[in-house]
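A closer look at the structure
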Amino acid sequence: MKRKKIAVLSGAGVSAESGISTFRDSNGLWENHKPEEIATLQAWKNNMDGVLDFYNKRRKELQNVRPNEAHLAIAGLEKDYDVCVITQNIDNLHERAGSSKIIHLHGELTKVRPEQGVYEKDFGLMEVFDIGYAPIVRGDLAPNGKQLRPHVVWFGEAVPNIEKAIETVSATDIFLIVGTSLAVYPAAGLYRYARFDTPIYLIDPKDTVLKDKRMIHIREKAVTGMQTFMKMINESE
Ligand code: OAD
């Protein structure tokens, strides 16, 4: 029998119990930094050192944290389901937990690429390099002689992997959303592509902006929420 498909959309909340700050919770990253001063091409032009420093700190922090039980439970779903993780996170904790199909919507901290023009439509066409947990500084150049920049998507830039994510959500049997405020588009609109009969589970301890008849809100943190989710899907099979 064909295995059922689960698409997982994750946000910063899935990594919170690993010790990584979210963006919009109290004391979150965007409370202590203005996004327009860090995560835009304009910020890169005006304040390259500040932008590099922000991502260098995130990269260093990533080296010292580990996937939590929620990342592991999501990876474990692959025993019984055909799973694709669509993540807004730039950390590599889904990879390190063992998930095998991952779409990074907002890029990856451990990768860099040469700076180019305003919109880079297709990451696939560009040279992307693994940097691991090392810092990048002004003057670090790609082989083409251009300054290296973090391989992340900034506000105002295109989201090259959104088409793949839409295809995945359109074809899924179960849509699981974990730890995201759904404040940033196009990721926040992905649920609209789920089939009319696809259940949408949302794990988040807080109220949500998502209003949809198909939604089942598991109002818990990611680790316990994943246990509840697994019980619910086992009972409904
Ligand atoms: P947010 O900080 O906006 O939202 C985090 C969500 O996680 C909130 O809804 C919290 O209630 C929830 N949360 C907190 N702790 C949790 C826990 N232990 N378990 C489960 N949920 C928990 O982060 P994102 O929605 O991921 O983009 O933000 C989306 C994008 O905005 C990011 O990818 C980033 C940011 O600006 C860019 O930088 C382009």
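Residues numbered from 1 in each chain as written. Predicted model: local features only at pLDDT ≥ 70, side-chain atom pairs only at ≥ 80, totals over all residues. Heavy atoms only, no water.

**Things to note about the sheet that holds strand E5 (residues 129-130)**
This is how the line gets drawn: A pair of strands is considered paired only if DSSP assigns at least 2 bridges between the two. By the criteria applied, helices consist of DSSP H or I runs no shorter than four residues and strands consist of E runs no shorter than two, each listed in order from the N terminus.
Read across the sheet, three strands follow the order E5-E4-E6 without closing on themselves; strand pairing throughout is antiparallel. On the outer flanks of this sheet lie E5 and strand E6 (148-152), each paired with one strand and no other. In terms of strand pairing, strand E4 (residues 107-114) meets E5 through two bridges, oriented antiparallel. Residue Lys111 lies in a different strand from E5, and its bridge partner there is Asp130.

**A word on the pattern of salt bridges**
One side chain can pair with another of opposite charge once the charged atoms of both are near each other. Which entries qualify depends on this criterion: Throughout this description, the term salt bridge denotes a Lys or Arg side-chain nitrogen within 4 Å of a carboxyl oxygen of Asp or Glu. Throughout, exposure labels follow a simple rule: accessible area from a 1.4 Å probe, protein chains only, divided by the maximum for the residue type, with under 20% read as buried, over 50% as exposed, and the rest as partly exposed.
Applying the stated rule across the entire model yields 13 salt bridges. Here Asp207 makes a salt bridge to Arg219, at a shortest N to O gap of 2.6 Å. One end of the pair, Asp207, is in the loop between strand E8 (200-203) and strand E9 (215-218); the other, Arg219, is in the loop between E9 and helix H9 (222-236), with twelve residues separating them in the sequence. One salt bridge in this structure joins Asp212 and Arg214, with 2.9 Å as the shortest N-O distance. On the basis of relative accessible area, Arg214 is assigned to the buried category, the value being 18%. Ionic contacts of the salt-bridge type, sharing partners, join the residues Lys5, Asp82 and Lys101 into one network.

**Considerations on the pairing of strand E2 (residues 82-87)**
Most of E2 is tucked away: five of the six residues are buried. Where strand E1 (residues 5-10) and E2 come together, six bridges link them in parallel fashion. Within the sheet, the bridge partner assigned to Ala7 lies in E2 and is Cys84. Bridge count for E2 against strand E3 (residues 102-104) is three bridges, and the pairing is parallel. Among the inter-strand pairings, Val85 is bridged to a residue of E3, identified as Ile102.

**Describing the sheet that holds E1**
Short version of the rule: Only C-alpha atoms enter the line fits that serve as axes; for helices the fit covers just the stretch in contact. Angles between N-to-C directions range over 0 to 180 degrees. Here, two residues are considered to be in contact whenever any of their heavy atoms come within 4.5 Å of each other.
One open sheet holds the six strands; their spatial order is E3-E2-E1-E7-E8-E9, and the pairing between them is parallel. Every other strand in the sheet has two partners, leaving E3 and E9 as the edge strands with one partner each. Put simply, the sheet's adjacent strands are angled 15° from each other on average, direction ignored. Summarising the sheet, E1 and strand E7 (residues 174-178) pair through five bridges and their orientation is parallel. When the bridges of E7 are listed, Ala7 appears paired with Phe175. Of the strands in this sheet, E1, E7, E8 and E9 are in contact with H9, which crosses E8 at around 155°.

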